[in-house]
Amino acid sequence: TFRNFNISDCLVGLESTGIYGDNLTAFLFDKGFKIGRINPIQTDSLRSSNIRKTKNDKIDTFLIAQCLMLKHYTLVTQKDVELIKLRCLCRFKSDVLKSQSKAKTQLVNCLDIAFPELANFFNNNLHIKSSYALLSKYPKIIANVKVKTLTNLLYSASKGHFKEDKAISLKELAKHSIAMDNPAIGTQIKMLIEQIQMLQKQIDLLDIDISNIMEQLNSPISSIPGIG
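The rules behind these values
Residues numbered from 1 in each chain as written. Predicted model: local features only at pLDDT ≥ 70, side-chain atom pairs only at ≥ 80, totals over all residues. Heavy atoms only, no water. Pairing = 2+ DSSP bridges. Helix = DSSP H or I, 4+ residues; strand = E, 2+ residues; numbered from the N terminus. Contact = heavy atoms within 4.5 Å. Axes fitted to C-alpha atoms, helices over the stretch in contact; angles between N-to-C directions. Left-handed = near helix turned anticlockwise from the far one by under 90°. Nonpolar A, V, L, I, M, F, W, Y, C, P; charged D, E, K, R; others polar. Core = buried A, V, L, I, M, F, W, Y, C linked by side-chain atoms within 4.5 Å. Buried < 20%, exposed > 50% of the residue type's maximum accessible area, 1.4 Å probe, protein only. Patch = residues over 30% accessible without salt bridge, like charges linked within 9 Å, V, L, I, M, F, W, Y side chains within 5 Å. Areas by Shrake-Rupley, 256 points an atom, 1.4 Å probe, with all protein chains shown as cover. Salt bridge = Lys/Arg side-chain N within 4 Å of Asp/Glu carboxyl O. Expected span 1.5 Å × (residues − 1). Arc of directions from axis to C-beta. Phe/Tyr/Trp six-rings, centres within 6.5 Å; stacked < 30°, edge-to-face > 60°. Lys NZ or Arg CZ within 6 Å of the ring centre and 35° of its normal.

## Considerations on the sheet that holds strand β2 (residues 34-38)
Then, in step 1: Strand order in the open sheet formed by 3 strands is β1-β2-β3, with mixed pairing between adjacent strands. If you trace the sheet from one side to the other, it starts and ends with β1 (11-15) and β3 (74-75), each paired once.
Then, in step 2: Sheet analysis places β1 next to β2, joined by 5 bridges and oriented parallel. Along β2, the bridge assignment pairs L14 with R37.
Then, in step 3: Of the strands in this sheet, β1 and β2 touch helix α1 (residues 22-31), which is tilted by about 170° from β1.
Then, in step 4: Seen against the sheet, helix α3 (residues 57-69) touches β1 and β2 and runs at an angle of roughly 120° to β1.

## Quick notes on the packing of α1 against helix α4 (residues 78-114)
Then, in step 1: Contact geometry for α1 and α4: axes closest at 10 Å, N-to-C directions at 145°. Judged by the twist between their axes, the crossing of α1 over α4 is left-handed. Contacts from D22, T25 and F29 in α1 reach Q78, V81, I84 and R87 in α4.
Then, in step 2: Class assignment of the residues belonging to the contact of α1 with α4 gives a composition of 3 nonpolar, 2 polar and 2 charged.

## Here we look at unusual backbone geometry
Then, in step 1: Even without being glycine, K71 reaches a positive phi, approximately 60°.
Then, in step 2: As for its placement among the helices and strands, K71 is situated in the loop between α3 and β3.

## Examining the nonpolar core
Then, in step 1: Ranked by size, the top nonpolar core spans 28 residues in total, and within it L107, L118, F122, L134, I142, L170 and I189 carry the most contacts.
Then, in step 2: It is helix α9 (residues 183-217) that provides the largest number of residues to this core, a total of 5 residues.
Then, in step 3: Among residues more than four places away in sequence, those in contact with L118 are L111, L126, L134, L135 and L170.
Then, in step 4: Counting 9 residues, the second largest nonpolar core, distinct from the first, contains L86, I203, I210 and I213.

## A look at a nonpolar patch on the surface
Then, in step 1: Judged by side-chain polarity, I221, I224 and I227 come together as a nonpolar surface patch covering roughly 240 Å² of accessible area.
Then, in step 2: On the secondary structure map, I227 appears in the segment after α9.
Then, in step 3: According to the relative accessible area criterion, I227 is partly exposed, its value standing at 36%.

## Points about helix α8 (residues 164-175)
Then, in step 1: A rise of 1.5 Å per residue sets the reference length of α8, with its 12 residues, at 16 Å; its end C-alpha atoms lie 17 Å apart and thus fit the reference within 8%.
Then, in step 2: Listed as buried for α8 are A167, L170, K171 and A174. Buried residues of α8 fall within an arc of 100° about the axis and therefore sit on the same side.
Then, in step 3: Its buried side turned inward, α8 meets α5 (118-121), α6 (129-137) and α7 (147-157).

## Some remarks on the side chain of T151
Then, in step 1: Inspection of the secondary structure puts T151 in helix α7.
Then, in step 2: If we ignore the near neighbours within four places in the chain, the residues touching T151 are K163, E164 and A167.

## Details of the environment of N39
Then, in step 1: For N39, the position within the fold is in the loop between β2 and α2 (40-48).
Then, in step 2: Overall, the relative accessible area of 40% leaves N39 in the partly exposed class.
Then, in step 3: For the pair formed by N39 and T74, sequence separation is 35 residues and the distance between their alpha carbons is 8.8 Å.

## Details of the packing of aromatic side chains
Each aromatic ring pair is specified by the distance between its two centres and by the angle formed by the two planes.
Then, in step 1: Scanning the entire structure with this criterion turns up 3 aromatic pairs.
Then, in step 2: Relative to F162, the ring of F121 has its centre 6.1 Å away and its plane inclined at 35°; by these criteria the two rings are tilted. Of this pair, F121 sits in helix α5 while F162 sits in the loop between α7 and α8; the two residues are 41 residues apart in sequence, bridging distant segments of the chain. Across this residue pair, the class does not change: F121 and F162 are buried.
Then, in step 3: Ring geometry for F122 against F162: centres 5.7 Å apart, planes inclined by 65°, an arrangement best described as edge-to-face. Pair noted here: F122 is in the loop between α5 and α6 and F162 is in the loop between α7 and α8, with a separation of 40 residues, a long-range link. Of the two residues, F122 and F162, both sit in the buried class.
Then, in step 4: Pairwise contacts between aromatic rings join F121, F122 and F162 into one cluster.
Then, in step 5: Across the ring face of F121, the terminal group of K166 is positioned such that the distance to the ring centre comes to 5.2 Å.

Have a look at this one:
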């Protein structure tokens, strides 16, 4: 048993298996074991040298032990453990970004029905604070909103970029819009904006966690222009 050995003198060999070995790697490293990570190419090479080229758990374990004796491994460090966490965060962020991108596409599709002229009003960029503030508040009755109310909303959301003239132009667009009168679309628009904004909050939080790990790693790669 491990009780008969000094843990720091024990070398554990693990084949690189992507996410399937990450938990065990982090667990053993935290317990103080030395971990030799082995590229499966190394064990395959040793297997190929065998006449029968048999593959089973017993033989694979023996091949891993051979790799350790031949020093065909790289020692896992604290940096490697942090990289496991970083990969996990980056993969999840990628999934969240895909979800947000899908919601944005759905929003544009809804607006093609509910207010097709709005995209041109916002210079073909519906995914800005002014647009979201407007649609969250008035997803379907913009033509009936008072100019002053619209002005205040647009002015505040755009930090002074959109003024009264824009509010008047928007009301005119809404009055003469070819939009379909479908209350269900208005509900979808409001919910999609809430979903997009919620996902953005998650992305921002993930970015903070990712940045914290990057600071600990102090990788020179982020010093290369064009790489974030």
